[in-house]
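What follows is each chain in one-letter form.
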Amino acid sequence: MQTNRFDLLRLVFASMVVVFHAVALTAIDPRGPLELWLGQGAEIAIQGFFITSGALVSGSLARAQTLSDYAGKRVRRLYPAYATIILIPAVISLLLSGDLAGVLAYLAANLTFLNFLAPGLPGLFGANRFTEVNGALWTLKIEVMFYLVLPLIAFVLRRMGALWWLGIALLYAGGEAWRLALPHLIDHPAAPTLARQLPGQMAFFASGIALWQVWDIAKARPSLFGLAGLVLVAASFAHPVLAPLRAAGLTGLIAAVAFMPGPVLNAARFGDVSYGLYITHFPILQALVMLGVFAALGPVAGFGLTGLIVFAASLLLWHSVEKPALRPSSHYRQAAGTERPLKRQDTL
C-alpha cells in the first residue's frame, strides 16, 4: 500500500499555481494584494515541486538498473503529455492564422523546452493581458536540466564518501548564492530571469536529494522534521538575510505532511492529474479569456467553469496519453490501480 502523501502534495502544489494564474490571467486584481499574495504562494508551490522532484527522482535513479533505464523512465513520465500540450495549440493556431512559419518556430522552441525563444503563437492570445501560450512551462526546462545533471551529482556525491553531506551543503549554498546574489551583481534586465534558472533552484533540488538520503528517518520522526521546518520557514520570511533557510524549512514541512500518521488520502486513486493540471491550465485560461467567457459570466462562474474544464482535460490527458506511456511498474499507474504493493515511492 502507498505509505506517504507525495501525490497529494503534488496535487496541492499544482492547484496553488492554477489559482494564481487564474487571478493573474483574468486581471481581476492586477498587481494588487490578492495577486501578489497568490504569487508568493505559487512560488512556494514551485519550490515544493523542486524539492519533491529532488527526492523522488533521486529514488528513481537509485533503483534504475542503467542510465538508459533512468532516462527512459523520465522521458515516459514527462514528454508525451508535454508534447501533446505543445502540439494542440499549435494546430489551432495554424487553422486560425495559416502562419506556418510562426507555428514551426513555436514548435521548434517549445518541443525542445526553449519556451522563452517563442512563447506565443500567431492568432492566439494577442489581446490578452499576457500573450504566452503556456507560461507555466518554464519550470519544465529546469526539471529536465536537473534530470540531466542528477546522475553526475549522484556520482560525485558517492565518490565523496564520508563527505557526502558537505557536497549537499555546497550544492545548496551555491544555488542560493546564484539565486539571491545574481540580480544584485549583474546590472541587466535578464538577471532576475537568469537567477531563477537551474543554478538558482539547486538548493531546493539538493534538499530533496537530502530527503531521499534520510527517507527512513523522516518516516520515523515526521513531527521533528515538521517542527524544524516550521521554524526555518518562519525565519526565512522574518528577514531577507535568512531567506536561504527556506529550502531546508520547506523540506522539513513536506516530510512532515508526507509521513505524518493518519489517512494517506490517495490523490491519484482515479488518475494522477497533478501534472495534467499544471501543464493544461494556462492555455485553457488564456482561451477562455480570449473568448470573453470571464467577461460574460463573471469571475465566480468563470473560475468554476475553468476548474471543470481543466480537471476534465487533465483526466483525459492522464488516461489517453500519460498512463499508456508509463511502464506497468510505474508508481503512478499503481496509485491509480492495484498492480502490486508499494514500498518506497516509485516515481516511474
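Structural data are supplied above this passage.
These notes cover the structure that comes with them. Given the structure is predicted, the values throughout are model-derived calculations rather than measurements. (Residues numbered from 1 in each chain as written. Predicted model: local features only at pLDDT ≥ 70, side-chain atom pairs only at ≥ 80, totals over all residues. Heavy atoms only, no water.)

Looking at the largest pocket, its volume works out to about 1,100 Å³. Along the wall of the largest pocket there are 37 residues; nearest its centre are F20, H21, G135, W138 and R196. Looking at the lining of the largest pocket, the elements with two or more residues in it are α1 (6-26), α2 (33-63), α4 (100-110), α5 (138-160), α6 (164-185) and α7 (191-195). In terms of residue class, the lining of the largest pocket is made up of 20 nonpolar, eleven polar and six charged. Volume-wise, the second largest pocket comes out at about 380 Å³. Taken together, 18 residues make up the lining of the second largest pocket; nearest its centre are I88, P89, I92, P283 and I284. Mapped by element, the contributors of at least two residues to the lining of the second largest pocket are α3 (67-97), α12 (274-290) and α14 (299-325). Looking at side-chain class alone, the lining of the second largest pocket contains 15 nonpolar, three polar and no charged residues. (1 Å grid on protein atoms, 1.4 Å probe; cavity = no way out; pocket = protein on both sides within 12 Å on 5 of 7 lines; lining within 4 Å. Points joined across faces, edges and corners; volume = space filled by probe spheres on them. Helix = DSSP H or I, 4+ residues; strand = E, 2+ residues; numbered from the N terminus. Nonpolar A, V, L, I, M, F, W, Y, C, P; charged D, E, K, R; others polar.)

Rolling a probe over the atoms, with the probe sized like a water molecule, indicates the empty space that remains. What the rule picks out here adds up to one cavity of 30 Å³ or more. Empty space within the largest cavity amounts to approximately 370 Å³. Lining the largest cavity are 20 residues, and of these R10, F49, S53, E143 and Y147 sit closest to its centre. At the level of secondary structure, the elements contributing two or more residues to the lining of the largest cavity comprise α2, α3, α5 and α12. When residues in the lining of the largest cavity are grouped by element, the largest group, seven residues, is from α2. Among the residues making up the lining of the largest cavity, the classes are represented as eleven nonpolar, five polar and four charged.

A word on the packing of α3 against α5. Taken N-terminus to C-terminus, the directions of α3 and α5 make an angle of 175°; their axes are 11 Å apart at the nearest point. On the basis of their axis angle, the class for α3 and α5 is roughly antiparallel. Across from L67, Y70, R74, L78 and Y82 in α3, the residues of α5 making contact are L140, V144, Y147, L150 and P151. When its residues are assigned to classes, the contact of α3 with α5 shows nine nonpolar, no polar and one charged. (Axes fitted to C-alpha atoms, helices over the stretch in contact; angles between N-to-C directions. Parallel < 35°, antiparallel > 145°, perpendicular 65-115°, else oblique. Contact = heavy atoms within 4.5 Å.)

On to the nonpolar core, then. In this structure, F6, L140, F146, I209, Y278 and I279 are the most contacted members of the largest nonpolar core, which totals 84 residues. Among the elements that make up this core, the one with the highest residue count is α2 (eleven residues). (Core = buried A, V, L, I, M, F, W, Y, C linked by side-chain atoms within 4.5 Å. Buried < 20%, exposed > 50% of the residue type's maximum accessible area, 1.4 Å probe, protein only.)

To continue, consider the side chain of N115. Its location among the elements puts N115 in the loop between α4 and α5. Taking relative accessible area as the criterion, N115 reaches 8% and is therefore assigned buried. One polar contact links N115 to Y82, side chain to side chain, over a distance of 3.1 Å. Non-local contacts of N115, meaning those with residues more than four positions away in its chain, are made with Y82, A109, N110 and L137. (Polar contact = N/O pair within 3.5 Å; in protein donor to acceptor, adjacent residues only side chain to side chain.)

Right, let's get into a nonpolar patch on the surface. Residues I28, L34 and W37 make up a contiguous nonpolar surface patch of about 330 Å² in total accessible area. Position of I28 among the secondary structure elements: in the loop between α1 and α2. (Patch = residues over 30% accessible without salt bridge, like charges linked within 9 Å, V, L, I, M, F, W, Y side chains within 5 Å. Areas by Shrake-Rupley, 256 points an atom, 1.4 Å probe, with all protein chains shown as cover. Salt bridge = Lys/Arg side-chain N within 4 Å of Asp/Glu carboxyl O.)

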